[in-house]
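Each chain is listed here by its residues.
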Amino acid sequence: MKTVQFISQLIIPLFILLVVGYGWAKKVRVYDSFVAGAKDGISVVIKIFPYLLAIFVAVKGFQASGAFDFSRDLFRGILLYFNIPLEVISIAIIKPLSGSASIGVFTDIVKTTGPDSLASRMAAVIMGSAETTFYILAVYLGAVGIKKTRYLVPVCVLADIVGIVIAISVVRILF
Amino acid sequence: MNTIWLLLIGISILFALVNNRLDEFTKSLFEAAKSAVEVSLFLLGIVALWLGITKIIEDSGLIHRLSGAFKFFVTRLFKNLPPDHPAVTSITLNFLANLFGLGNAATPLGIKAMQDLQSLNREAETITWEMMLFIVINTASIQLVPFTVIGILAQLGSSNPAAVVLPTFLATVLSAVFAVGALWLFRKFLK
């Protein structure tokens with residue numbers, strides 16, 4: 001475990017060393033190149049900002065209005081039927097919507113149910129295997145100004161739902 | 001996206017009205033605006049940083065060497081990409097960053113990959129198959145070791161925080177396979 005963590009800490013410094021070293025060997029003016037590339041960052045983020053704002057407004061409003069609590073209660077029956085800890089619903093709904101909020105919800109589940117409980121493990125696997133889909137969609141599509149997304153959004157939503165079912169089932173089977 | 005946004009906003013206002021939470025709802029809008037600015041500023045920093053690094057990769061010609069090992073895999077998956085296109089490298093780098101859980105590098109490199117894919121797009125505002133495939137694989141977030149999650153578990157006293165590594169990896173691979181399969185089915189039947 002320690003070695004894996006060490007390797008992953010090493011990757012970025014090594015990678016940057018490789019890039020700068022290779023550039024130097026090929027007689028590239030690395031500083032000028034870096035600055036020229038970094039300049040594009042500004043226009044990219046300006047392009048993304050309105051999309052990000054739209055997503056954040058929708059997600060925060062959904063949480064604050066109580067609609068989030070309501071949708072959580074909707075799933076309560078299904079979870080009870082399959083004997084799945086109720087805490088899992090919160091993380092399943094929040095993870096695709098917001099990364100920072102999901103870390104908060106996850107920490108809360110671990111604190112209240114204990115770090116080795118079934119609920120904590122299910123939440124952990126959902127945290128690790130699901131992605132903040134709507135954030136990714138907003139940022140990646142916003143960066144290149146795509147408006148017609150064809151069937152991408154339905155596929156992503158479907159994949160999120162199935163992904164959470166898979167995460168719960170895997171924990172069920174393995175623990 | 002339009003439908004989802006409209007639904008989220010509409011449902012939220014309705015619930016705010018019924019639950020007598022209009023005040024909280026309004027407050028949350030301004031909070032959302034604030035955090036959109038904060039996240040954008042954070043993104044500005046890391047996106048500029050990685051675009052700077054990738055510019056050196058391009059200028060030095062390293063771009064043609066980096067993709068080498070993964071070119072086989074990436075061009076197999078993204079059949080319409082010319083094998084020497086910059087998108088092959090940026091997609092590879094994004095996948096690697098995701099695999100090692102380097103979120104701060106993955107998003108900027110993903111943006112770069114989207115820009116490279118967009119340069120091959122003949123209709124500026126319509127998404128291409130390659131972009132959809134790229135985004136779907138990204139949202140499945142294949143990750144070797146989920147460090148954030150393990151960190152929280154360890155900090156709060158788990159007896160074996162690494163116990164979730166294998167199930168997470170299994171779940172993420174299975175859901176990635178499902179997601180790509182679903183995308184492929186949609187393409188097949190929605191032509």
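Look up a bit, the structure's there.
This one's a predicted model, so the numbers in the text were calculated from it and none came from an experiment.

Novice: Would you take a moment to explain the nonpolar core for this structure?
Specialist: Considering soluble globular proteins, one finds that nonpolar side chains tend to be buried as a cluster. In terms of nonpolar packing, the biggest core is built from 95 residues, with Phe106(A), Leu152(A), Ile91(B), Phe134(B) and Ile135(B) touching the most fellow members. Counting residues per element, this core draws most heavily on helix H8 (residues 152–174) of chain A, which supplies eleven residues. Trp50(B), Ile57(B), Leu102(B) and Leu109(B) belong to the second largest nonpolar core, which has 15 residues in total.

Novice: So what exactly am I meant to see when it comes to the side chain of Asn121(B) here?
Specialist: Position of Asn121(B) relative to the elements: it lies in the loop between helix H6 (103–118) and helix H7 (129–140). A distance of 2.9 Å separates a polar atom in the side chain of Asn121(B) from the backbone oxygen of Glu123(B). Engagement of the side chain of Asn121(B) in a polar contact is seen with the backbone oxygen of Thr126(B), the distance being 2.8 Å. Here Asn121(B) is in contact with Ile146(A), Thr126(B), Thr128(B) and Met131(B), once residues within four sequence places are set aside.

Novice: Got a minute to help me understand the environment of Thr139(B) in this structure?
Specialist: The topology assignment puts Thr139(B) in helix H7. Between the C-alpha atom of Thr139(B) and that of Phe42(B), which follows or precedes it by 97 residues, the distance is 21 Å.

Novice: Explain the interface of chain B and chain A to me, please; I cannot follow it from the model alone.
Specialist: A common way to report how large an interface is uses the accessible area buried once the components associate. Contact with chain B, which involves 99 residues of that partner, is made by 91 residues of chain A. Ranking the residues of chain B by area buried against chain A places Met1(B), Ile56(B) and Glu125(B) at the top, with a combined share of 8%. Across the contact surface, chain B and chain A share two salt bridges. A salt bridge links Glu125(B) to Lys147(A); the shortest N-O distance between them is 3.4 Å. Applying the counting criterion to the chain B and chain A interface returns 14 residue pairs in polar contact (both at pLDDT 80 or more). It is helix H2 (residues 22–60) of chain B that contributes the most residues to the side of chain B that touches chain A, 25 residues altogether.

Conventions and cut-offs
- Residues numbered from 1 in each chain as written.
- Chains lettered and ligands numbered in written order.
- Predicted model: local features only at pLDDT ≥ 70, side-chain atom pairs only at ≥ 80, totals over all residues.
- Heavy atoms only, no water.
- Core = buried A, V, L, I, M, F, W, Y, C linked by side-chain atoms within 4.5 Å.
- Buried < 20%, exposed > 50% of the residue type's maximum accessible area, 1.4 Å probe, protein only.
- Helix = DSSP H or I, 4+ residues; strand = E, 2+ residues; numbered from the N terminus.
- Polar contact = N/O pair within 3.5 Å; in protein donor to acceptor, adjacent residues only side chain to side chain.
- Contact = heavy atoms within 4.5 Å.
- Buried area = accessible area lost by both parts, 1.4 Å probe.
- Salt bridge = Lys/Arg side-chain N within 4 Å of Asp/Glu carboxyl O.

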